[in-house]
Amino acid sequence: MTTTVRRIGACTEPATVLIEGRSQIDGGLAYGRLEVQVHACDGHARTARAEWIFPPLTAFTAIAEPVAGRRCGDAVDAG
Ligand SMILES: [Zn+2]
């Protein structure tokens, strides 16, 4: 499986949070298929959820996922 990292924004702080963009199921907020993962620093965590993940995807904050080695704005498309 190949993963392509693209960049969002100009911030290069070390990432502290991982935001997942997931498909909706039946238009609700169920935990759907993972489409994209976006890394963000503390300062951009809110922006990442609100603006870097956009409809029809729903943003979830992934608590347990490792973010070491990633920078704020690193986005990885799934599949
Ligand atoms: Zn940042």
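Residues numbered from 1 in each chain as written. Predicted model: local features only at pLDDT ≥ 70, side-chain atom pairs only at ≥ 80, totals over all residues. Heavy atoms only, no water.

### Section: the coordination of the zinc ion
Rules: A 2.8 Å cut-off from the metal defines N, O and S donors, relaxed to 3.2 Å for Na, K and Ca; water is not in the atom list, so some sites may appear incomplete. By the criteria applied here, four donors are tetrahedral when all angles lie between 85 and 135 degrees, four are square planar and six octahedral when opposite donors are over 155 degrees apart and every other angle lies between 65 and 115, and any other arrangement is irregular. Only protein chains enter the calculation, and the probe is 1.4 Å; a residue is then buried if its accessible area is under 20% of its type maximum, exposed if over 50%, and partly exposed in between.
The protein atoms that coordinate the zinc ion are C11 (SG), C41 (SG), H44 (ND1) and C72 (SG), at distances of 2.0 to 2.4 Å. Note that the zinc ion binds 4 donor atoms; their angles at the metal cover 102 to 118°, and the shape is tetrahedral. Residue classification places C11 among the buried residues on the basis of a relative accessible area of 17%.

### What about the nonpolar core?
Short version of the rule: Buried Ala, Val, Leu, Ile, Met, Phe, Trp, Tyr and Cys residues form a nonpolar core when they are joined through side-chain atoms within 4.5 Å. Each helix is a run of H or I in the DSSP string that is no shorter than four residues. Each strand is a run of E no shorter than two, and both are numbered from the N terminus. Two residues qualify as a contact provided that any one of their heavy atoms is within 4.5 Å of a heavy atom in the partner residue.
In terms of nonpolar packing, the biggest core is built from 14 residues, with V38, A40, A48, W52 and C72 touching the most fellow members. Listing elements by their share of this core, those giving two or more residues are β2 (17–22), β3 (34–40) and α1 (45–52). If near-sequence neighbours (up to four positions away) are discounted, A48 is found in contact with I19, V38, A40 and I53.

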